[in-house]
Protein chains: 2
Amino acid sequence: MDTLQTMVLENINSPEDVKKLSVEEMNILADEIRQGILNRVDKIGGHLGPGLGITEVTIALHYVFNSPYDKFVFDVSHQCYPHKMLTGRKEGFTNPLEHSEISGYFNYSESEHDPFMIGHTSTSVSLATGLAKARDLKGEKYNVIALIGDGSLSGGEAFEGFNNSSVLNSNFIIIVNDNEMSIAENQGGLYKNLKELRETNGTSQNNWFKTFGFDYMYVENGNDIQTLIGTFNKVKDIDHPIVIHIHTLKGKGFEPAVQNKEWGHWTMPGILSEKSPSFSMPECYETLTKDYILNAVKNDPQVIAVNAATPGVFWWNSEFRNALNKNYTDVGIAEQHACAYISGLAKNGAKPIWAVHSSFIQRTYDQLSQDLALNNSPATILVFWSGITSADATHLGLFDIPLISNIPNIVYLAPTRKEEYLKMLDWSVKQNEHPVAIRVPYFEYVSTGVEDTTDYSILNKFKVEEQGSKIAIVAAGDFFSLGREVKEEIKSQFGIDATLINPRFISGIDKELLESLKSNHKIVITLENGILSGGFGEKIASYYGNSSMKVLNYGAYKEFTDRVPMDELLTRYRLKKELICEDLTGII
Amino acid sequence: MDTLQTMVLENINSPEDVKKLSVEEMNILADEIRQGILNRVDKIGGHLGPGLGITEVTIALHYVFNSPYDKFVFDVSHQCYPHKMLTGRKEGFTNPLEHSEISGYFNYSESEHDPFMIGHTSTSVSLATGLAKARDLKGEKYNVIALIGDGSLSGGEAFEGFNNSSVLNSNFIIIVNDNEMSIAENQGGLYKNLKELRETNGTSQNNWFKTFGFDYMYVENGNDIQTLIGTFNKVKDIDHPIVIHIHTLKGKGFEPAVQNKEWGHWTMPGILSEKSPSFSMPECYETLTKDYILNAVKNDPQVIAVNAATPGVFWWNSEFRNALNKNYTDVGIAEQHACAYISGLAKNGAKPIWAVHSSFIQRTYDQLSQDLALNNSPATILVFWSGITSADATHLGLFDIPLISNIPNIVYLAPTRKEEYLKMLDWSVKQNEHPVAIRVPYFEYVSTGVEDTTDYSILNKFKVEEQGSKIAIVAAGDFFSLGREVKEEIKSQFGIDATLINPRFISGIDKELLESLKSNHKIVITLENGILSGGFGEKIASYYGNSSMKVLNYGAYKEFTDRVPMDELLTRYRLKKELICEDLTGII
């Protein structure tokens, strides 16, 4: 794999080098940056449309402002590829051997040009407000610039940041990158206002930004470097908060990403060779879920699928959304609202099913507790992408068990296979007693073909899958197969027939079963695909605390891992049959 | 204590009875409702100004709409006293013997007129959006009315609700009760817009509500029943979303609460007999904190106190706020912003100290994780009012240990006495390595007079306060005194000199110390003033899982308790020296 050859970009080692360029050279640079983005995404996947759309804005920012003296905070920072190429990290895009050396997000340990590590949405304005206030306390003078996309405006943290930053009495520049898209379509009344502002070239009296008291400028051609430089020069060193509303084209320069902006938001590798951006899905938890919902809505018009701005990751494509019609709500990037909304829906007799990422359900703890759990609203939450992964530190799915399972009233289920998942989902949707969350397996897809006939209304009933003695393995959800492997390894190494337990419930423990194990077991092993701290296994250790039962808890340590290979993590956490048996050797 | 005598109110047993009244009678009713509020708050304390301000609105709502067929959702619901008096619960206000039978918040188990249990801020619009959508799915027709105060508008969940409810194509009525106050002053640019709307009688083109596409009406005299009835009749059964912006007088009818709205928001009992609403505070954690901050700001202009709309509960009165001046920020009811803001402040060299309730830090989990912890920003968070209490289910302080201590990088400290608290606070403010949270004791105030010389930069170092053998008691924070009592009871009952350990760190364990205990201890008892599930003690149980050490974890069970007397809870959770010794009897 050859390094991408460039004429202008190859001489850019810091923003200082951008300042030496002519507009003509900057236009060439924009083309080369786009080639860099395409080159990287084609090889390792990543965010495509956001960076392609904001290339000229990024060049103009670095031409006019002086990073890192002036400070940029990018929202989500999935659009930071051009910024990285201009701040000494171009090899992460041009050289295939270095693609994985550079993260796809702001990362303060990578460069002084990234003031934070950022990966979640709607945070930039609030973070930048803190930077600006600290600057003012020190009596320093420089520009603090928060960049935020139109899609990110729908998150409550962004609103809180707008409300508070608007009363700063000092330099504060918010750049709203309006590409007319969230990940999917934008949702909510605010976006009619953005449309009105675009259509009136920013002159409409009806202006959400101005209602906070912000100064305001509109730039219609947000992909024209000369215009942008002119605008930024006007606001540089401004002495009060201003919003610069810039209209850009998401995906610019790569037609498939312009034509299908939702597809082009984030893509798998292979974009340059593929003829069509679509492919057919094998059966998996996503397809099961879609089929279940389509069927459920047909039979019960109270069933409603809810989503917070990420339909694509569940393969909830436009065909699916159109088929559901009024039985589908995308609330935008607004998990707090999503959680309260499903509580209201359920309280009034509807049957909401909210699909959400483990990493993003973190945005709604208080609503899970106060709006949903305290009201015992029988809504269903499907938690996808949970568990140990080689993901970025900003997108780990490790924390949902401590987050959800320590809130009273919520039933958190961990299916181990297709049949359990479908049974749990159906039970959850039809019952009227509890808020229920289901931790959709992510590690592997298993189908046994054996129907699950469990009555899940009997809470916290663990299932003994294989009865043995001396050692019991409680293997939750995704790690049930690992539990079986451990059982076999124990048999092989120690000649012991261990008991294999599928707990299914991870928000409570089966005291009766745990008590019964005492009679002919000496050791209980727990396996969970998430952080140990505050999780499921510790509850079992605590339960047995007053007894002679030994308990070994396995799961992830309390740490943010950043793109660490999966196998390395499993070894570090001793989540392998050989390592677990090694631990057993000492105490068996 | 006599029951309050009323003429009109005594005949109101349901909203149906309100509909029979003349405007003149309703005005008498308003006076009697105010007497009911004063009567109750004088005896048992509670929210005073909010209910006094919204009395006429509540009467007019019940006159025009048909609860519970039409559905009211009140934000925070601290202003629900008049609503409760009109919906069959007047004795909770008029009869001193029944004051404590009726909660001060919406409570669905109390009445069908309260669709939810509500106590946290900024939730009403989102919850009501769910009710309205479920109504539409069922093809039913009635009014869904969300009531929200101006102060609550600053919370992100409210914004998310406004954005999404504005595109409902059906009946949805938001009543904005604008009394020009949050708990303290409103904060942020949005409030300049509300002022502009009030000053233009709602006619300004610059209108935050209209930017979402809401229909809009303004009512200047929000304490005039006849006007309100006219307005509500106009919007009843409306077929689209509308905001009715109503200007009311917080505290109306009780001059001390009008003159000092911040004092009158929530008061202790005794309001009718007191000459002055102020009294002097004995030394306590609140006064220590204030003194520390005032002194710190004098010595270091980078120190900044941060608060999210509840300065009064920390006794951060206007004198304190004025003294701090630019070194103080109240962000309004916006904990997400507060958390990101302190991260930005700390990242840029400032020394933020954010004081927050345990119950309200729940509103900012993702920001604790992503904005603060992932960035290792050295900010200080003081968590007040944590632990087991007889509080309402909506305001428990039980969950902050699972919430905070399972997030990587955050150091969570639990001081047991004045001297430790001050040392920890000073260390936290001056260090540059970690985000630090301090769990301010709430159960009792202890000062030993012995200076704490600990170096807290050595993390997770537990302190052996009294060396013994056989049994070790790890007594965290507030429950250190209980630990000492248990130690004495063990000595008395079993003749054993137990080891008494003050862990100080509750976000990690001292493995070296725990390991050393194995040599001459058989039992470890943990005590924590919070929920056990996902908490501190379980981590110790897990640590000892592979050994023969027995571990008994004590703390609160995973449940929402609602105004349960403290002693009953301590007994239920066996958090008493006799009960703990009873448990020991079986295993010693």
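Keep in mind that this is a model prediction, so the values were computed, not measured.

Examining the overall build of chain A
Here's step 1: Along the backbone of chain A there are 25 helices and 18 strands.
Here's step 2: For a compact globule of 588 residues, the expected C-alpha radius of gyration is about 25 Å, and chain A comes in at 26 Å, within 12% of that figure.
Here's step 3: Overall, the C-alpha framework of chain A stretches about 80 × 55 × 50 Å when taken along its three principal axes.
Here's step 4: The buried share of chain A, reckoned over its 588 residues, is 60%.

Brief notes about the nonpolar core
Here's step 1: Ranked by internal contacts, the top residues of the largest apolar core, which has 351 residues, are Ile-473 and Ile-525 of chain A together with Ile-473 and Ile-525 of chain B.
Here's step 2: Beyond its immediate chain neighbours, meaning those up to four positions away, Ile-473 of chain A contacts Gly-483, Val-486, Lys-487, Ala-498, Thr-499, Leu-500, Ile-501, Ile-525 and Leu-527 of chain A.

Topic: the sheet that holds strand S5 (residues 215-219) of chain B
Residues and elements named next belong to chain B.
Here's step 1: In spatial order, the strands read S2-S3-S4-S6-S5; together these five strands make up an open sheet with parallel pairing. Each end of this open sheet is capped by a strand with a single partner; those strands are strand S2 (71-74) and S5. Neighbouring strand axes in the sheet, compared pairwise and without regard to direction, differ in orientation by 20° on average.
Here's step 2: Here strand S4 (residues 172-178) pairs with strand S6 (residues 241-247) via seven bridges, running parallel. Across the sheet, residue Ile-175 finds its bridge partner in S6, namely Ile-244.
Here's step 3: Packing against the sheet, helix H7 (residues 124-138) makes contact with S2, strand S3 (144-149) and S4, and its axis sits at approximately 175° to S3.

Looking at the relation of the copies chain B and chain A
Two copies of the chain are present, and they differ by a rotation about an axis and a shift along that axis.
Here's step 1: After a rotation of 180° and a shift along the axis of 0.0 Å, chain B superposes on chain A with an RMSD of 0.0 Å. As the rotation angle and translation indicate, the two copies are arranged about a two-fold axis.
Here's step 2: When the interface residues of chain B are mapped onto chain A, 100% of them again fall at the interface, so both copies present the same face.

Re the environment of Lys-347 of chain A
Here's step 1: Along the chain, Lys-347 of chain A falls in helix H16 (residues 335-347).
Here's step 2: Owing to 24 C-beta atoms within 10 Å, Lys-347 of chain A belongs among the buried residues under this scheme.
Here's step 3: C-alpha of Lys-347 of chain A to C-alpha of Asn-375 of chain A: the two residues are 28 residues apart in sequence and 8.2 Å apart in space.
Here's step 4: Ignoring anything within four residues of it in the chain, the contact list for Lys-347 of chain A reads Asn-375 and Ser-377 of chain A together with Pro-115, Phe-116, Gly-130 and Leu-131 of chain B.

A few points about the interface of chain B and chain A
Here's step 1: Across the boundary between the two partners, chain B contributes 96 residues, which contact 96 residues of chain A.
Here's step 2: Examining the composition of the side of chain B that touches chain A, we find that 11 residues originate from one element, H7 of chain B, more than from any other.
Here's step 3: In the side of chain B that touches chain A, the residues fall into 35 nonpolar, 45 polar and 16 charged.

Section: helix H21 (residues 480-494) of chain B
Residue and element names in this part refer to chain B.
Here's step 1: Helix length check: H21 (15 residues) gives 21 Å between terminal C-alpha atoms against 21 Å at 1.5 Å per residue, within 8%.
Here's step 2: Residues of H21 that are buried: Phe-480, Leu-482, Gly-483, Val-486, Lys-487 and Ile-490. Seen from one end, H21 has its buried residues packed into an arc of 145°, which puts them on one side.
Here's step 3: Each element contacted by the buried residues of H21 is listed here: strand S14 (463-466), strand S15 (470-475), strand S16 (499-502), strand S17 (521-531) and helix H25 (577-587).

Some remarks on the domain arrangement of chain A
Interfaces are often sized by the accessible area lost when the parts come together.
All names here are of chain A.
Here's step 1: The domains assigned to chain A are domain 1 (9-257), domain 2 (285-439) and domain 3 (463-585).
Here's step 2: Each partner contributes to the interface: domain 2 provides 25 residues, whereas domain 3 provides 27 residues.
Here's step 3: Counting only elements with at least two residues in the side of domain 2 that touches domain 3, the list comes to helix H19 (400-405) and strand S12 (411-413).
Here's step 4: Looking at the side of domain 2 that touches domain 3, the element that brings in the most residues is H19, giving five residues.
Here's step 5: The residue makeup of the side of domain 2 that touches domain 3, split by class, is 14 nonpolar, seven polar and four charged.

Description of the environment of Gly-344 of chain A
Here's step 1: By secondary structure assignment, the location of Gly-344 of chain A is in helix H16.
Here's step 2: The exposure class assigned to Gly-344 of chain A is buried, which follows from the 35 C-beta atoms found within 10 Å.
Here's step 3: Each C-alpha atom, one on Gly-344 of chain A and one on Ala-146 of chain A, is 34 Å from the other, the two residues being 198 residues apart in sequence.
Here's step 4: Non-local contacts of Gly-344 of chain A, meaning those with residues more than four positions away in its chain, are made with Leu-127, Ala-128, Thr-129, Gly-130, Leu-131 and Ala-134 of chain B.

Some remarks on the sheet that holds S16 of chain B
Residue and element names in this part refer to chain B.
Here's step 1: Spatially, five strands are ordered S14-S16-S15-S17-S18 in an open sheet, and the strand pairing comes out mixed. For this open sheet the edge positions go to S14 and strand S18 (550-556), each flanked by a neighbour on one side alone. Geometrically, the sheet is characterised by an average inter-axis angle of 25° between neighbouring strands, direction not taken into account.
Here's step 2: For S15 and S17, the ladder comprises six bridges, and the chain directions are parallel. Bridge pairing links Val-474 to Thr-526 in S17.
Here's step 3: Helix-sheet contacts for H21 involve S14, S15, S16 and S17, and the interaxial angle to S15 is about 160°.

Digging into unusual backbone geometry
Here's step 1: Ser-67 of chain A connects to Pro-68 of chain A through a cis peptide bond whose omega is 5°.
Here's step 2: Of note in the backbone geometry, Asn-460 of chain A takes a positive phi value of approximately 60° without being a glycine.
Here's step 3: The topology assignment puts Asn-460 of chain A in the loop between strand S13 (436-439) and strand S14 (463-466).
Here's step 4: Non-glycine residue Asn-201 of chain B carries a positive phi angle of around 55°.
Here's step 5: Residue placement: Asn-201 of chain B occurs in the loop between helix H9 (190-199) and helix H10 (208-211).
Here's step 6: A count of 11 C-beta atoms within 10 Å places Asn-201 of chain B in the exposed class.

Focus: helix H18 (residues 365-373) of chain B
Here's step 1: With respect to burial, H18 of chain B is a largely interior element, nine of its nine residues being buried.
Here's step 2: Every buried residue belonging to H18 of chain B is among Tyr-365, Asp-366, Gln-367, Leu-368, Ser-369, Gln-370, Asp-371, Leu-372 and Ala-373 of chain B, and all of these are buried.

Points about the packing of H21 of chain B against H25 of chain B
Residue and element names in this part refer to chain B.
Here's step 1: The geometry of H21 relative to H25 is characterised by a closest axis approach of 9 Å and an angle of 55° between their N-to-C directions. As far as their axial angle goes, H25 and H21 are oblique. For the crossing formed where H21 meets H25, the hand is right-handed. Residue-level inspection shows Glu-485, Val-486, Glu-489, Ile-490 and Gln-493 of H21 in contact with H25, the latter providing Lys-577, Glu-578, Ile-580 and Cys-581.

Considerations on the pairing of S5 of chain B
Residue and element names in this part refer to chain B.
Here's step 1: Note that S5 and S6 share five bridges and pair parallel. Counterpart to Tyr-218 in the pairing with S6 is His-245.
Here's step 2: Crossover connection from S5 via helix H11 (residues 225-235) to parallel S6: handedness right-handed.

Describing the confidence of the model for chain A
Here's step 1: Considering every residue of chain A, the mean pLDDT works out to 97; 99% of them sit at 70 or more.
Here's step 2: Here the complex is predicted with pTM 0.97, and the ipTM for its interfaces comes to 0.97.

A look at the pairing of strand S3 (residues 144-149) of chain A
Regular strands show a simple pattern: their side chains alternate between the two faces of the sheet.
Residue and element names in this part refer to chain A.
Here's step 1: Of all six residues that make up S3, six are buried, and the element is covered over most of its length.
Here's step 2: Side-chain alternation along S3 places Val-144, Ala-146 and Ile-148 on one buried face and Ile-145, Leu-147 and Gly-149 on a second face that is also buried.
Here's step 3: Alignment of strand S2 (residues 71-74) against S3, held across four bridges, turns out to be parallel. Note on S3: the bridge partner recorded for Val-73 is Ala-146.
Here's step 4: Looking at chain direction, S3 and strand S4 (residues 172-178) are connected through five bridges and run parallel. Counterpart to Ile-145 in the pairing with S4 is Ile-173.
Here's step 5: Following the chain from S3 across helix H8 (residues 156-165) to the adjacent parallel S4, one finds a crossover that is right-handed.

Overview of the environment of Gly-53 of chain A
Residue and element names in this part refer to chain A.
Here's step 1: By the secondary structure assignment, Gly-53 is in helix H3 (residues 49-53).
Here's step 2: The buried category is assigned to Gly-53, around which 30 C-beta atoms lie within 10 Å.
Here's step 3: With near-sequence residues (within four places) excluded, Gly-53 lies in contact with Asn-179, Thr-248, Leu-249, Lys-250, Gly-251 and Lys-252.

What counts as what
- Residues numbered from 1 in each chain as written.
- Chains lettered and ligands numbered in written order.
- Predicted model: local features only at pLDDT ≥ 70, side-chain atom pairs only at ≥ 80, totals over all residues.
- Helix = DSSP H or I, 4+ residues; strand = E, 2+ residues; numbered from the N terminus.
- Rg over C-alpha atoms; globule rule 2.2 N^0.38 Å.
- Buried ≥ 20, exposed ≤ 12 C-beta atoms within 10 Å, placed from the backbone.
- Core = buried A, V, L, I, M, F, W, Y, C linked by C-beta atoms within 7 Å.
- Contact = placed C-beta atoms within 7 Å.
- Pairing = 2+ DSSP bridges.
- Axes fitted to C-alpha atoms, helices over the stretch in contact; angles between N-to-C directions.
- Least-squares fit on C-alpha atoms with pLDDT ≥ 70 in both.
- Nonpolar A, V, L, I, M, F, W, Y, C, P; charged D, E, K, R; others polar.
- Expected span 1.5 Å × (residues − 1).
- Arc of directions from axis to C-beta.
- Domains from an automatic or database assignment.
- Parallel < 35°, antiparallel > 145°, perpendicular 65-115°, else oblique.
- Left-handed = near helix turned anticlockwise from the far one by under 90°.
- Right-handed = clockwise from strand over helix to strand, strands pointing away.
- pLDDT = per-residue confidence, 0-100.

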